[in-house]
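# Fold and geometry: a report
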Amino acid sequence: MISNPHFQLAWRGLSVALLSLSLSACFNLTVVHQTTENNARAKAESVSTEVRQALAPTGVFRVGVYPGSPTSWVKDPKTGESVGIALDLGKGMAKRLNVPVQVVEFDRVAQVLDALKDGKVDMTFTNATAVRAKDMDFTEPLVRLELGYLVIGASPLTSLNDIDQAGMRVGVSQGSSSQGVLTQRFKLAKVVPAESLAQAQILLNSKQIDAFATNKGILFEMSDALPGSRVLTGRWGLENLAIAIPKGREAGRSFVENFAKEVSRSGELDKALQRSGLRGTARD
């Protein structure tokens, strides 16, 4: 062992300095962690009673979803976990409002929209159209999705130009924006409403419809469950998806708009997109 007193003194000084730095780093990490928690808590506590009452009038934040769409609610095939953009954003809003969340499930999007219109749910994530804006309030669009067609493997259809022909039957979700648009757009093809996405798959498999039309996020999910089926290349339109809340909740509008901006800026929306497995987003 080195007995030089000057060396021992220097070594003790270095040890004390290293220990001090280590303790300081631990303290700083603790402070950062506590600060993050305190900020989150402060945000929840800073929401006024008026805002909370406007957006969650029952004391529970009710999120409307329907199965089969990554923008709403699907099951992760690997984990079995419930995922979806409406689901994740709804949970995020409830956390910031500091109220419990309740996920309310429906068979199809039209039922979700009816429930939102009637104030039976407090929020969903859906296509922001001018017609729907008469019955609900939207944030700025957060996601743009291509609209397309799904056909089964034996179908002779290869192009979007093949669709609007005499005798062609195109399925849509009953009450969807696709139903409204295509009913007006088609000159020859017939629009066939389906009560649910599950029924749409049955109609395709049994050849009661020749194609199914909706956003590609849903179409790719359906295609995964229909071996040999394919989503046609190209798009016939776009959906601009946004957070929707019932009309008459003016006291909470600013909160919802700020929440939408925050999740886009912070990366929370990107994480929800990844978790949902959403495909078919517009690149232009």
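The preceding data block contains the structure.
Because the structure is a prediction, the values reported are computed rather than measured. All residue numbers refer to positions counted from 1 along the written sequence of the respective chain. This being a predicted model, a pLDDT of at least 70 is required before a residue's local features are given, and a value of 80 or more before pairs of side-chain atoms are given or counted; all residues contribute to the totals for chains, interfaces and linings. Hydrogen atoms and water are omitted, and side-chain values are computed over all heavy atoms in the structure.

The next subject is the overall build of the chain. The helix count covers DSSP runs of H or I at least four residues long, the strand count covers runs of E at least two residues long, and both are numbered beginning at the N terminus. Helix and strand counts for the chain come out as nine helices and 12 strands. Only protein chains enter the accessibility calculation, which uses a 1.4 Å probe; a residue whose area is less than 20% of its type maximum is buried, one above 50% is exposed, and one in between is partly exposed. Split into buried and exposed, the 284 residues of the chain put 44% on the buried side. By definition in these notes, contact holds between two residues if any of their heavy atoms fall within 4.5 Å. Across the chain, the fraction of contacts at a sequence separation of at least 24, relative to all contacts at a separation of at least 6, is 72%. Per element, the accessible surface of the chain, about 15100 Å² overall, is 54% carbon and sulfur. Using the Shrake-Rupley algorithm and a 1.4 Å probe, accessible areas are obtained, with residue cover drawn only from the displayed protein chains.

What follows is about helix α7 (residues 216-225). Among all positions of α7, only Lys216, Gly217, Ile218, Leu219, Met222 and Ser223 are buried. Looking at the buried positions of α7, the neighbouring elements they touch are β7 (143-151), α6 (197-205), β10 (211-215) and β11 (230-231).

This brings us to the packing of α6 against α7. Helix axes are fitted only over the stretch in contact, all axes being lines through C-alpha atoms; the angle between N-to-C directions runs from 0 to 180 degrees. Close contact between α6 and α7 brings their axes to 11 Å; oriented N to C, the two are set at 55°. Comparing the axis directions of α6 and α7 gives the class oblique. Considering how the two elements wind past one another, α6 and α7 form a crossing that is right-handed. Across the interface between the two elements, Leu197, Ala200, Gln201 and Leu204 of α6 pack against Ile218, Met222 and Ala225 of α7. Amino acids outside the nonpolar list (Ala, Val, Leu, Ile, Met, Phe, Trp, Tyr, Cys, Pro) and the charged list (Asp, Glu, Lys, Arg) are all regarded as polar, and Gly is one of them. Here the contact of α6 with α7 is composed, by residue class, of six nonpolar, one polar and no charged. Put simply, angles under 35 degrees are roughly parallel, angles over 145 are roughly antiparallel, angles from 65 to 115 are roughly perpendicular, and the rest are oblique. A clockwise turn of the near helix away from the far one marks a right-handed crossing, whereas an anticlockwise turn of less than a right angle marks a left-handed crossing.

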